[in-house]
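For reference, the chains in residue letters:
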Amino acid sequence: MDLATIAAAVAGAVGSRVAFHPLDTIRTLQQTSVVTGYRLPFAQYWRGLPAAVGLTTPAFTIYLVSYREAKKDLEPYLGADTANYVVSGAIAEFTSSILWTPMEVVKGNMQLKSESKAGGTWAMIKHMYQTQGIKGFYRGYWVGLAVFTPHSIVWWYTYEKMKQYMKGANAFNALVSDSTATTQELTASQYAIASAVSGAAACTASNFLDVLKTRQQLAIADEVSRLRPDDRMGLWKVAKNLIREVGIVRAMFKGLHVRLMYSLPSGILSMVIVEKLKPET
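First things first, this report covers the structure right here in the doc. (Residues numbered from 1 in each chain as written. Predicted model: local features only at pLDDT ≥ 70, side-chain atom pairs only at ≥ 80, totals over all residues. Heavy atoms only, no water.)

## Some remarks on the overall build of the protein
Alright, step 1. When its secondary structure is counted, the protein shows eleven helices and zero strands.
Alright, step 2. Secondary structure elements of the protein, listed N to C terminal, follow the sequence α-α-α-α-α-α-α-α-α-α-α.
Alright, step 3. Over its C-alpha atoms the protein spans a radius of gyration of 20 Å, differing by no more than 12% from the 19 Å that the globule rule assigns to 281 residues.
Alright, step 4. A principal-axis box enclosing the C-alpha atoms of the protein has dimensions of 65 × 40 × 40 Å.
Alright, step 5. In the protein, buried positions account for 50% of the 281 residues. (Helix = DSSP H or I, 4+ residues; strand = E, 2+ residues; numbered from the N terminus. Rg over C-alpha atoms; globule rule 2.2 N^0.38 Å. Buried < 20%, exposed > 50% of the residue type's maximum accessible area, 1.4 Å probe, protein only.)

Written out as structure tokens, the structure is:
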């Protein structure tokens, strides 16, 4: 767990979260059907940012460091290919999930608040603790694991395969041009392409479960309770309400375009920062 990897992860997490938080707010509002458009009061775009930065930073750091350390430690047993990527991605998700879920719950509740009812992040945390206890911060924890474990597996598998492909292409180009330049270091644009392809694949594969996770986590919020008071009855009821609302096909892809608008540039920025500050060797 070297300091350079930790520093790179922190820089990637903060940079991507601050830059693209407004798109995440729109994603949350559209997935819960509280808002269907894109125009909000300016302050609402940034609501929940302190909680997001405060918890995303250590969560992403644990996630990235866990992945790299697991991948390195498992290489003698699983090799440096598919099985290693799959297991290491799952380990990274499990180790960091204890921070991801509270972040999603607090951030999501803040994002739902109208301007007239908005309070500070700390006030929201106190209110949730007083009304729901610690378990309120982990609402939707298991469905979150069900969403992001396969999401992480698909993401890392695709990302590593894309890096392998582009390193091979670099080596071939160097051979053809008789270049003596190193072929192991990818450019920022190549890391960006790898991140974009892996993000698109993972988000599309996990989108339906992600919508269910978001709705379950925020089912107790006043803004959601007024629309669907029975969402708090459990995940099965959330799924039935979603399918009844938009149909099974649209439910699979609800809010996917906004999720991609947020996840792709956010993932690209974070991984380019990480890989350029501390490339994996």
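Once the structure has been displayed, the description carries forward.
## Looking at the packing of aromatic side chains
Alright, step 1. The tally for this structure, following the rule as stated, stands at eight aromatic pairs.
Alright, step 2. Pairing Trp 155 with Trp 156 gives two aromatic rings, centres 4.9 Å apart and planes at 75 degrees, and the pair type is edge-to-face. Across this residue pair, the class does not change: Trp 155 and Trp 156 are buried.
Alright, step 3. Note on Trp 156 and Tyr 159: the rings are 5.8 Å apart at their centroids and 85 degrees apart in plane angle, and the pair reads as edge-to-face. Taken together, the residues span about one helical turn, with Trp 156 and Tyr 159 both in helix α6 (residues 141-176) at a distance of three residues.
Alright, step 4. Of the aromatic side chains, those joined through ring pairs into one cluster are Phe 60, Tyr 63, Tyr 67, Trp 155, Trp 156 and Tyr 159. (Phe/Tyr/Trp six-rings, centres within 6.5 Å; stacked < 30°, edge-to-face > 60°.)

## Observations concerning the nonpolar core
Alright, step 1. Membership of the largest hydrophobic core comes to 26 residues, with the highest contact counts inside it found for Phe 60, Tyr 63, Trp 100, Trp 155, Trp 156, Tyr 159 and Met 271.
Alright, step 2. Broken down by element, the residue count for this core peaks at six residues, all from helix α3 (residues 49-78).
Alright, step 3. With residues near it in sequence (within four places) discarded, Trp 100 still touches Thr 56, Ala 59, Phe 60, Tyr 63 and Glu 93. (Core = buried A, V, L, I, M, F, W, Y, C linked by side-chain atoms within 4.5 Å. Contact = heavy atoms within 4.5 Å.)

## What about the side chain of Thr 149?
Alright, step 1. Tracing the chain through its elements places Thr 149 in helix α6.
Alright, step 2. Each residue touching Thr 149, except ones within four places of it in the same chain, is listed here: Ala 90, Glu 93 and Phe 94.

## Considerations on helix α7 (residues 188-217)
Alright, step 1. The terminal C-alpha atoms of α7 lie 36 Å apart, and with 30 residues this falls more than 12% below the ideal 44 Å at 1.5 Å per residue.
Alright, step 2. Along α7, the largest kink reaches about 60 degrees and is centred on Asn 207. (Expected span 1.5 Å × (residues − 1). Bend = angle between axes of the 7 residues up to and from the residue.)

## Brief notes about the pattern of salt bridges
Alright, step 1. Tallied over the full model, the rule gives 21 salt bridges.
Alright, step 2. Here Glu 160 makes a salt bridge to Lys 163, at a shortest N to O gap of 4.0 Å. Here Glu 160 pairs with Lys 163, and both are found in helix α6, just three residues apart, close to one helical turn.
Alright, step 3. We classify Lys 163 as buried; its relative accessible area is 6%. (Salt bridge = Lys/Arg side-chain N within 4 Å of Asp/Glu carboxyl O.)

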